[in-house]
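Fold and contact review
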Amino acid sequence: MGRNSVIGLDIGTSAVRAAELDLRRNPPTLVRFGQVMLPPGAVRDGEILDELAVGEKLAELWKRAGFKSKRVAVGVSNQRVIVRQVEMPWMEESDLAQGLAFQVQDHLPIPVEDAILDFQILEEFAGPDHERMMRVLLVAAQREMIETLLSALRRASIRPDVVDLMPFALMRTLGTSPEFAQIQVLGDDAPRGVAEAIVDIGAGVTNIVVHEHGVPRFVRILVAGGQEVTDALATALGTGFEEAEMLKRQAAFEPVGAEAERIIEDRTKSVIEEVRGSLDYFCAQPEAAQLGRVVVTGGGGRIPDLVSRLESATGVPTEIGHPLAQVRLGKLGLSPDQLAEAEALIACPVGLALGERR
Ligand SMILES: Nc1ncnc2c1ncn2[C@@H]1O[C@H](COP(=O)(O)OP(=O)(O)OP(=O)(O)O)[C@@H](O)[C@H]1O
Ligand SMILES: [Mg+2]
């Protein structure tokens, strides 16, 4: 029996958040959204360290947002999940699924016994001797990390139907804008495809996915984000985390002192440089499509001037993503201001829920 309503759950470094979509109409209706902040350190760099604290906050989230179901699509994104594009002799998808561990062990830096594997066949191509080959996107998540995630969910009696990769979820919400198809890349003689990069700058993790018309070409999970700006401020000024966080946000509107401003500037620059480095790496691939646009989301993307600075650093048109454009808005009980706040944070949970659409 198909379900009318699905919930996407994002356990981020700074907060747990979930979105519920009603699938009866197309596009789906966003009927509930909520988030609960996590105590610092409960999740670090996208990895659950304190499953008890996370379990508690999840229970609180369910209560506050009023989700009726406990079934979710949950996302993961941290250094313990590896995404690789591999080339291998063509085979039936079912054969690859069956012999996955055996087929891919040489492509992974961790023993296959310690990993939970998944894959997506991207395309077929002809090898040097015209043999039938295929390009496969391989996902390997460390088993222990997934087990910690499942046990945190269990503490709140939440049952995951799927564990999904956050960059894929992002592609679903932000990678389909119609205007993207209009982009023309000029001044290039060899016709190449046009790719779009989606960059989700969080607190501890920055997700990057470059795709061509919905086909992922490059996935990178960086340990970088807004929290390093806050941490640097707290350390330098000898304040607590909360105070540093407030100061950081305040800096968008008013002077906060030369030292604080210099620290914000320095740390922001390093986040931008990391993103630029990854995009440069993608672009340097011999057969890479031309990068036509960069779309930014995530709380860290709200650092003042980040978008324009990323645009200058990459030389590629860069803009803020609008995940809410992909859904109808139900009665969320949010003011326009709250909705605008939520938009930077909702791409992951909505994309996770969209993955449940069949
Ligand atoms: N208005 C703002 N100005 C500057 N930074 C902001 C603003 N709002 C949020 N942030 C920063 O965004 C970060 C949180 O972003 P987000 O909620 O997307 O991360 P997360 O999903 O919790 O963590 P991650 O994805 O890294 O695991 C924090 O570092 C926070 O300081
Ligand atoms: Mg996040």
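Going by the structure above, here's the rest.
Keep in mind that what you see is a predicted model, and the values were worked out from it rather than measured. (Residues numbered from 1 in each chain as written. Chains lettered and ligands numbered in written order. Predicted model: local features only at pLDDT ≥ 70, side-chain atom pairs only at ≥ 80, totals over all residues.)

**Here we look at the sheet that holds strand β9 (residues 132–142)**
As a reminder, the rule being used: Being paired, for any two strands, means DSSP has found at least two bridges between them. Strands are runs of DSSP state E lasting at least 2 residues, helices are runs of H or I lasting at least 4, and numbering of each runs from the N terminus. Axis lines are fitted through C-alpha atoms, for helices just across the contact stretch, and the angle between N-to-C directions can take any value from 0 to 180 degrees. Residues are defined as contacting one another if the C-beta atoms placed from their backbone atoms lie within 7 Å.
An order of β7-β9-β8 is seen for the three strands of this open sheet, with the pairing classed as antiparallel. The open sheet is flanked by β7 (81–89) and β8 (115–126), the only strands paired with a single partner. Here the strands of the sheet are splayed against their neighbours by 20° on average, with no regard to which way each runs. By the bridge criterion, nine bridges tie β7 to β9 in an arrangement that is antiparallel. Paired with Glu87 across the bridge in β9 is Arg135. Where helix α4 (residues 143–155) meets the sheet, its contacts fall on β8 and β9, and the angle it forms with β9 comes to roughly 55°.

**Points about the site of ligand 1**
Rules: Put plainly, near means the residue's C-beta atom, positioned from the backbone, lies within 6 Å of the molecule or strand in question. Residues were grouped as follows: Ala, Val, Leu, Ile, Met, Phe, Trp, Tyr, Cys and Pro as nonpolar; Asp, Glu, Lys and Arg as charged; and all remaining residues, including Gly, as polar. Start and end positions for the domains come from either an automated domain assignment or a database one.
Surrounding ligand 1, one finds 23 residues, the nearest of these being Gly12, Ser14, Gly202, Gly226 and Gly299. Contributing elements (two or more residues each) for the shell around ligand 1: α6 (226–237) and α7 (241–250). Split into classes, the residues belonging to the shell around ligand 1 amount to six nonpolar, 13 polar and four charged. Two domains each donate at least three residues to the shell around ligand 1, and these are domain 1 (1–79 + 143–176 + 322–358) and domain 3 (178–321).

**Here we look at the pairing of strand β2 (residues 15–22)**
Test applied: Each residue is classed by its C-beta neighbour count within 10 Å, where at least 20 other C-beta atoms makes it buried, 12 or fewer makes it exposed, and intermediate counts make it partly exposed; the C-beta atoms are placed from backbone geometry.
For β2, the buried fraction is high: six of the eight residues fall into the buried class. Here strand β1 (residues 5–11) runs beside β2; their pairing, made up of seven bridges, is antiparallel. Each residue of the ladder has a partner; that of Ile7, found in β2, is Glu20. Between β1 and β2, which pair antiparallel and follow one another directly, the connecting turn spans three residues. As paired elements, β2 and strand β3 (residues 29–37) share eight bridges and run antiparallel to each other. By the bridge assignment, Ala19 is partnered in β3 with Phe33. Linking two consecutive strands that pair antiparallel, namely β2 and β3, is a turn of six residues.

**Concerning the pairing of β1**
When you tally the buried positions in β1, you get six out of seven residues, the bulk of the element. Inspection of the sheet shows β1 paired to strand β6 (residues 71–76) by two bridges, in the parallel sense. Across the sheet, Gly8 pairs through a bridge with Ala73, a residue of β6.

**Quick look at the sheet that holds strand β10 (residues 159–165)**
Strands sit in the order β10-β6-β1-β2-β3-β16 across an open sheet of six strands; the sheet is mixed. The outermost strands of the open sheet, each flanked by one partner alone, are β10 and β16 (328–329). Along the sheet face, helix α1 (residues 51–65) touches β1, β2 and β3 and points at about 140° away from the line of β3.

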